[in-house]
Amino acid sequence: MQNSECGMQKDFRIQNSAFIIQHVLSKLIYAAATLTGVLAFVAPFVWLAQQQASGMAAAGRTDSPLILGGLIALCLAALIVESQRSATSLKQLALLAALVAINSALRLAETILPGPGGFTPIFLLIILAGVVFGGQMGFLMGALTMLVSAFITGGVGPWLPYQMLTAGWMGMSAGLLSSRRERLGTGRPNPDWEIILLCIFAAAWGFVYGAIMNLWEWPFQMGDPAISFQAGVTLQQAIQRYAAYYALTSLWWDFFGAAGNVILMALFGRATLNLLRRFEKKLVVKSVPDARANHAS
Amino acid sequence: MRVESWVMWLAACAAIALSTRNPLYLILLLLVVAAVFAKEWRPGRMLRFAPLVAIAAAFNAISVHFGDTILFALPAAWPLIGGIVTLEAAAYGALSGLVLACVITLFGAFSQVVEAWELVRLMPRAFYPMGVVISIAMNFVPQTVKRFEEIRESMTIRGIPLRGPRDWLPLWSPLLAGGLENASQTADALMARGFGALENPSSQKLLRDRLALLLGFGLLLAGWMMRFADAGAAAGTGLMLAGALALAFAFWLAGRDFKHTRMAQRPFSWLDGVVIFVSLLALMALVLSPPVAWLDGIRASMAYSPYPKLALPSFDPLAGVLLAALALPVMRK
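Rules and cut-offs
Residues numbered from 1 in each chain as written. Chains lettered and ligands numbered in written order. Predicted model: local features only at pLDDT ≥ 70, side-chain atom pairs only at ≥ 80, totals over all residues. Heavy atoms only, no water. Helix = DSSP H or I, 4+ residues; strand = E, 2+ residues; numbered from the N terminus. Buried < 20%, exposed > 50% of the residue type's maximum accessible area, 1.4 Å probe, protein only. Contact = heavy atoms within 4.5 Å. Areas by Shrake-Rupley, 256 points an atom, 1.4 Å probe, with all protein chains shown as cover. Rg over C-alpha atoms; globule rule 2.2 N^0.38 Å. Axes fitted to C-alpha atoms, helices over the stretch in contact; angles between N-to-C directions. Left-handed = near helix turned anticlockwise from the far one by under 90°. Nonpolar A, V, L, I, M, F, W, Y, C, P; charged D, E, K, R; others polar. Phe/Tyr/Trp six-rings, centres within 6.5 Å; stacked < 30°, edge-to-face > 60°. Buried area = accessible area lost by both parts, 1.4 Å probe. Salt bridge = Lys/Arg side-chain N within 4 Å of Asp/Glu carboxyl O. Polar contact = N/O pair within 3.5 Å; in protein donor to acceptor, adjacent residues only side chain to side chain. Core = buried A, V, L, I, M, F, W, Y, C linked by side-chain atoms within 4.5 Å. Expected span 1.5 Å × (residues − 1). pLDDT = per-residue confidence, 0-100. Parallel < 35°, antiparallel > 145°, perpendicular 65-115°, else oblique.

A. Focus on the overall build of chain A. A tally of regular secondary structure across chain A gives ten helices and zero strands. Taken from N to C terminus, the helices and strands of chain A fall in the order α-α-α-α-α-α-α-α-α-α. Out of the 297 residues in chain A, the part that is buried amounts to 54%. Residue pairs at least 24 apart in sequence account for 80% of intrachain contacts in chain A once pairs closer than 6 positions are excluded. When the accessible surface of chain A is summed, it comes to about 12,800 Å², and 66% of that surface belongs to carbon and sulfur atoms.

B. Representation of the overall build of chain B. The helix and strand tally for chain B stands at twelve helices and two strands. Written out in order from the N terminus, the α and β elements of chain B read α-α-α-β-β-α-α-α-α-α-α-α-α-α. Relative to the compact-globule value of 20 Å for 333 residues, chain B shows a C-alpha radius of gyration of 26 Å, a clear excess of over 25%. Dimensions of chain B, computed from the C-alpha atoms along their principal axes, are close to 70 × 60 × 50 Å. The buried share among the 333 residues of chain B stands at 46%. Sequence separation of at least 24 residues holds for 68% of the intrachain contacts in chain B that already meet a minimum separation of 6.

C. Representation of the packing of helix α3 (residues 50-63) of chain B against helix α4 (residues 87-113) of chain B. Residues and elements named next belong to chain B. Two elements in contact, α3 and α4, have axes whose closest approach is 7 Å; the angle formed by their N-to-C orientations is 145°. At the point where α3 passes α4, the crossing takes the right-handed sense. From α3, L52, V53, A56, A57, N60 and A61 reach across to α4, where they touch A89, A90, Y92, G93, A94, G97, L98, L100, A101 and I104. Looking at the contact of α3 with α4 residue by residue, the classes come out as 13 nonpolar, three polar and no charged.

D. Geometry of the packing of aromatic side chains. One pass over the full model with this rule turns up 18 aromatic pairs over all chains. Seen from their ring centres, W159 of chain A and F107 of chain B are 6.2 Å apart, and the 55° between their planes marks the pair as tilted. One end of the pair, W159 of chain A, is in the loop between α5 (135-153) and α6 (160-184); the other, F107 of chain B, is in helix α4, on a second chain. The burial state of W159 of chain A is the same as that of F107 of chain B; both residues are buried. Linked through ring pairs, F41, Y162 and W169 of chain A together constitute an aromatic cluster.

E. Expanded view of the interface of chain B and chain A. Every contact between the two is made by 76 residues of chain B and, on the other side, 78 residues of chain A. Here chain B and chain A share an interface that buries about 6,800 Å² over both sides, 81% of which is from carbon and sulfur atoms. A salt bridge links K91 of chain A to D188 of chain B; the shortest N-O distance between them is 3.1 Å. If you look at where chain B meets chain A, you find six residue pairs in polar contact (both at pLDDT 80 or more). For the side of chain B that touches chain A, the elements supplying multiple residues, two or more each, are α1 (3-19), α3, α4, α5 (116-121), α6 (128-157), α7 (169-192), α8 (203-228) and α9 (233-255) of chain B. A breakdown of the residues in the side of chain B that touches chain A according to their chemical character gives 57 nonpolar, twelve polar and seven charged.

F. Fine view of the pattern of salt bridges. Residues and elements named next belong to chain B. Applying the stated rule across the entire model yields nine salt bridges over all chains. For R152, the salt bridge is made with E149, and the minimal N-O distance between the two is 3.1 Å. Separated by three residues within a single helix, R152 and E149 lie in helix α6, roughly one turn from each other. Residue classification places R152 among the partly exposed residues on the basis of a relative accessible area of 32%.

G. A look at the nonpolar core. Within the largest apolar cluster, 181 residues are counted, with the highest numbers of intra-cluster contacts made by L99 of chain A together with W9, W224 and L326 of chain B. A total of twelve residues in this core trace back to one element, the largest contributor, which is helix α3 (residues 90-112) of chain A. The residues touching W224 of chain B, leaving out its near neighbours within four places in the chain, are T36, L39, A40, A43, L68 and L71 of chain A together with M240 of chain B.

H. Main features of the side chain of S279 of chain B. Mapped onto the elements of the fold, S279 of chain B is located in helix α10 (residues 270-288). Look past the residues within four positions of S279 of chain B in its chain and what remains in contact with it is M8, W9, A12 and L326 of chain B.

I. How the structure looks around the environment of V42 of chain A. Turning to its location among the elements, V42 of chain A is positioned in helix α1 (residues 2-53). Exposure remark for V42 of chain A: the relative accessible area of 30% places this residue in the partly exposed category.

J. Highlighting the environment of E150 of chain B. Summarising the element assignment, E150 of chain B is placed in helix α6. As for E150 of chain B and L171 of chain B, which are separated by 21 residues in sequence, their C-alpha atoms are 9.9 Å apart.

K. Broad picture of helix α2 (residues 23-36) of chain B. Residue and element names in this part refer to chain B. With 14 residues, α2 ought to run about 20 Å at 1.5 Å a step, and its terminal C-alpha atoms sit 20 Å apart, in line with that. Structurally, α2 contributes buried residues whose contacts are with α1, α4, α11 (296-302) and α12 (317-325). Sitting at the amino-terminal end of α2 is N22, which places a side-chain oxygen 2.9 Å from the backbone nitrogen of L24.

L. Region of interest: the confidence of the model for chain A. Residues and elements named next belong to chain A. Of the residues in chain A, 74% reach a pLDDT of 70 or more, and the chain-wide mean stands at 78. Mean pLDDT per element in chain A: helix α10 (residues 290-296) is the minimum at 45, and helix α4 (residues 122-133) is the maximum at 93. Considering only residues more than four positions removed or in separate chains, one finds that residues 55-63, a stretch of pLDDT under 50, has eleven contacts. Segment residues 289-297: pLDDT under 50, and nine contacts once partners within four positions in sequence are set aside and those in other chains are kept.

M. Region of interest: α4 of chain A. Residue and element names in this part refer to chain A. Its twelve residues give α4 an end-to-end C-alpha distance of 17 Å, which sits within 8% of 16 Å, the value for a rise of 1.5 Å per residue. Most of α4 sits inside the fold, with twelve of its twelve residues counted as buried. Every buried residue belonging to α4 is among I122, F123, L124, L125, I126, I127, L128, A129, G130, V131, V132 and F133, and all of these are buried. Note on α4: the residue one or two positions beyond its end, G134, has a positive phi of about 100°.

N. Representation of the confidence of the model for chain B within the structure. The predicted model of chain B has a mean per-residue pLDDT of 84, with 94% of residues at 70 or higher. In the model of chain B, α5 of chain B stands out as the element of lowest mean pLDDT, 76, in contrast to α12 of chain B, which has the highest, 93.

O. Layout of the side chain of T120 of chain A. All names here are of chain A. Residue position: T120 is located in the loop between α3 and α4. Within polar-contact distance, the side chain of T120 engages the side chain of E110 at 2.9 Å. Each residue touching T120, except ones within four places of it in the same chain, is listed here: E110, N261 and L264.

P. Expanded view of the packing of α4 of chain A against α5 of chain A. All names here are of chain A. Interhelical geometry of α4 versus α5 gives an angle of 160° and a closest axis separation of 6 Å. It follows that α4 is roughly antiparallel to α5 by the angle criterion. Remark: the crossing between α4 and α5 carries right-handed chirality. Mapping the contact onto sequence places I122, F123, L125, I126, A129, G130 and F133 in α4 and G135, M137, G138, M141, G142, T145 and M146 in α5. Its residues assigned to classes, the contact of α4 with α5 comprises nine nonpolar, five polar and no charged.

See the structure below:
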């Protein structure tokens, strides 16, 4: 009897450590892919300064967008491959497909009847899917919304991988809000505070999304020295110039996006969260290692 | 023509458009696109982009105060836009607008000849679950639009018109709930037909796949850092290539978990082969431009800039021939 218990405990320890290793590796992949993606977005800040300082600016301008585009595509592919492991059943895939379809229909409606400035209704579901189903599903929700809606609205272009990655990051970061809640062990947060927190998060992403999307093209545009990249500038100066460029060209546009996110979150956030949580219980099977399940039983 | 040939052709054209500011090449590329998609996409639609070019020219002209040919000056006290307005800045803005028009035209016309499902079918096996999601989502979109109409009509019948944003909540909740119920039923129906059973890969397989991904990113980042730090550009590029190959290998490994069948494919014709060959050739010569002497003319003409004084762009005949050859898809049936 004691031997069998020892064996079970040993099995549990082995399976538990294997689970922890897989978990750590998964997190490392997310970190590496995200780091590569972030570097691909901010790389021009660094290499333009170096190339321009050494007089190679003209050569760099032709091949670097392609290299950066390739890196973004690789990051996106790796994050999708890793994230899709979280969808362990066809029901989860169908759930994701339904949410993507609803969001794509919203983007189609937005294309036909555009809102003011950068207002778009699609960020609401991306954020809430990340909060309810976790960062991995949130990433897939963001990336696939951009892909499917681009197919439908004819918005396929070289900007698409950047949009997919940035929207994916939005959903992935929303997952941090849910994991924070789980870590606190409350499970049921104060509904009002939760919506207020989500409103702040959605407003921030309204600006962050625009700022990130501008980054990939900004270093390759020539403009006034006050708003464009110049030879020999320091990182701090580059950031200041980018901030001026963003303020001049995109701030008012993204303001409508951020304000729209807040309004939608305040009006529809609670009802949507309740619905998604109801369907989470119905459709999503949470995977736990066998040994843990045995131990619990 | 097969979708693979179209994708290769599109990649070559888009890369060329994004790599040059030479107006002669850009206009030639626009003419090629107009000729290729003359049946599906009225070339007259390209005129819609004229305002885009004009706006880009005006924006650059007032925000960039650089160039030798001064047109007029705005008061220097005006923040950011104050200063001289030059012909060169306007020309550069117009060229940027032309690049954007070229890219939008390319992708807009491309989406007319290639169906979304054909692109989904091109997805590598590693992305099989996402292929399933995209296929289901593409079918759900029209259903979602239809359900929206039905709910709106029933609300109108009950005397609940859609006025302010608050009126949208009674529409949004059933739309979302209906979509999720539909998803549940679709998944049940698919499972009942034995479709799309997802097997959980073993721990060893997962470990192998994840280590391959991490190795790829490790090599990629190491190579990139070497390029950044200027510590051997060739070695850095080599490491980055090795990292990209390791990632491709990791995707291939991950794809082995999914069985894949291909049905009713278009046959590979001679035109497919020629289009792929010409696209690769154009991509190599015009965009990648390896440092060989006979490509010097192309490199010089591709790197055209209107600054500091506007001059006529140069035109390399070989580049012209390669660009014209990209019109080969006009020969498709």
